[in-house]
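Chain by chain, the residues run as shown.
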Amino acid sequence: MFDAALALVSENGYAKTTVEGIAARAGVGKQTIYRWWPSRAAVLLDAFLDLQARVAGAAGGDSGSEIPDTGDLAADLKRVLRATVDEMNDPVFEAPTRALAAEGIVDPDLGTRFTAALLEPQLQHYARRIEAARRAGDVDPGTDPRLAVELLVGPLHHRWIHRTLPLTHAYADALVDHVLRGLAPRS
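Residues numbered from 1 in each chain as written. Predicted model: local features only at pLDDT ≥ 70, side-chain atom pairs only at ≥ 80, totals over all residues. Heavy atoms only, no water.

### Re the packing of aromatic side chains
Spelled out, the test is: For Phe, Tyr and Trp, rings pair up if their centres lie within 6.5 Å, where Trp contributes its six-membered ring, and each pair is then called stacked (planes under 30 degrees apart), edge-to-face (over 60) or tilted (otherwise). Put simply, DSSP marks the helices as runs of H or I at least four residues long and the strands as runs of E at least two long, and each gets a number from the N terminus on. Here's how the labels work: a residue is buried when its accessible area is under 20% of the maximum for its type, exposed when over 50%, partly exposed in between, all with a 1.4 Å probe on protein chains only. Criterion for a charge above a ring: Lys NZ or Arg CZ within 6 Å of the ring centre, and within 35 degrees of the ring normal.
This structure, assessed with the given rule, holds two aromatic pairs. Look at Phe2 and Trp37: their rings are 5.8 Å apart centre to centre, the planes differ by 65°, and that puts the pair in the edge-to-face class. Taken together, the positions of Phe2 in helix 1 (residues 2–12) and Trp37 in the loop between helix 3 (30–36) and helix 4 (40–58) put the pair 35 residues apart, joining distant regions of the chain. A relative accessible area of 22% means that Phe2 is categorised as partly exposed. Assessed through its relative accessible area of 13%, Trp37 is described here as buried. Between the aromatic rings of Phe48 and Phe93, the centroid separation amounts to 6.1 Å while the plane-to-plane angle is 90°, which identifies the pairing as edge-to-face. Note that Phe48 is positioned in helix 4 and Phe93 in helix 6 (residues 91–106), a separation of 45 residues in sequence. As far as the burial class goes, Phe48 and Phe93 line up, both buried. Sitting over the face of the ring of Trp160, Arg98 holds its NZ or CZ atom 4.1 Å from the ring centroid. Positioned over the ring face of Tyr171 is Arg159, at 3.5 Å from the centre of the ring.

The following block contains the structure:
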């Protein structure tokens, strides 16, 4: 079921993906889908969460992995933001992520679930890494970790969602460099 939903969104786009199409691709009746999910968006969200878990498992981690703390905050953040750029540019992830982001705007319940299940845990990883850097004296003691995270990932998502310019590793690195200059301890 999940593979069918992900494939159809990637092939046809979200607007042309239907519960009927998912059911046909999966070889089940649409009533089977509606028994477990209230909408195509709900199927897609569960399919996407399953995909994330499978990819993380295949990479030897889990979707709840923390950002490594090597003692070099810039390097740690660049490594994670570069991986995020790679995922956002990967067609396997791009179509369902765009669909869920758009549908989450018009379906508040889906948006809340998407944020709680996927976005918030990832943002908390960043916040904990920033907090560790603050405790180590690598960023200003007055730094709000959540605000710092939004300074890092907000522009990345803005460029991706609006397709203003290419989303590249160089851009991710520049974001880290600029944000960390602003977070540097004051003397």
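Following the structure, the description resumes.
### Examining helix 1
We apply this condition: Note on definitions: a residue-residue contact is assigned when non-hydrogen atoms from the two residues lie within 4.5 Å.
Within helix 1, burial applies to Ala4, Ala5, Leu6, Leu8 and Val9. Against helix 2 (19–26), helix 4 and helix 6 lie the buried residues of helix 1. Just past helix 1, the residue Gly13 takes up positive phi, approximately 85°.

### Some words on the environment of Ala170
In this structure, Ala170 sits in helix 9 (residues 169–183). Note on Ala170: relative accessible area 54%, which makes it exposed. Here the alpha-carbon distance between Ala170 and Arg82, two residues 88 residues apart in the chain, equals 8.6 Å.

### Remarks on the pattern of salt bridges
Heads up, the condition is: Salt bridge, as used here: a side-chain nitrogen of Lys or Arg that lies within 4 Å of a carboxyl oxygen of Asp or Glu.
As enumerated under the stated definition, the model contains 16 salt bridges in all. As a salt-bridge pair, Asp76 and Arg129 come within 2.8 Å of each other at their nearest N and O atoms. With a gap of 53 residues between them, Asp76 in helix 5 (residues 73–89) and Arg129 in helix 7 (residues 108–135) connect regions that are remote in the sequence. For Asp76, a relative accessible area of 0% puts it in the buried group. For Glu120, the salt bridge identified is with Arg146, shortest N-O distance 2.6 Å. Taken together, the positions of Glu120 in helix 7 and Arg146 in helix 8 (residues 145–162) put the pair 26 residues apart, joining distant regions of the chain.

### Some details on the packing of helix 1 against helix 6
The relative placement of two packed helices comes down to the angle between their axes together with the axis-to-axis distance. The following threshold applies: The axes used here are C-alpha line fits, helices contributing only the stretch in contact, and every angle between their N-to-C directions lies in the interval 0 to 180 degrees. Comment on the angle field: the value is read as roughly parallel under 35 degrees, roughly antiparallel over 145, roughly perpendicular from 65 to 115, and oblique elsewhere. Three categories are distinguished: nonpolar for Ala, Val, Leu, Ile, Met, Phe, Trp, Tyr, Cys and Pro, charged for Asp, Glu, Lys and Arg, and polar for the others, with Gly belonging to the last.
Put simply, helix 1 and helix 6 touch, their axes get as near as 9 Å, and they point 90° apart. As far as their axial angle goes, helix 6 and helix 1 are roughly perpendicular. Residues Leu6, Val9 and Ser10 of helix 1 touch helix 6, and the partners they reach there are Pro91, Ala95, Pro96 and Ala99. Taken together, the residues of the contact of helix 1 with helix 6 break down into six nonpolar, one polar and no charged.

### Brief notes about helix 6
Note: α-helices contain 3.6 residues per turn, so residues at a spacing of three or four share the same orientation. In plain terms, the rule: In this scheme, a helix's expected span is set at 1.5 Å multiplied by one less than its residue total. N or O atoms closer than or at 3.5 Å make up a polar contact, with two conditions inside protein: a donor-capable atom paired with an acceptor-capable one, and, for residues adjacent in sequence, both atoms drawn from side chains.
Here helix 6 spans 23 Å end to end across 16 residues, near enough to the 22 Å set by a 1.5 Å rise per residue. Turning to helix 6, its buried residues number three or more, namely Phe93, Pro96, Thr97, Arg98, Ala99, Leu100, Glu103 and Gly104. Looking at the packing, one finds that the buried side of helix 6 touches helix 1, helix 4, helix 5, helix 7 and helix 8. Its side-chain oxygen placed 2.9 Å from the backbone nitrogen of Val92, Asp90 serves as the N-cap of helix 6.

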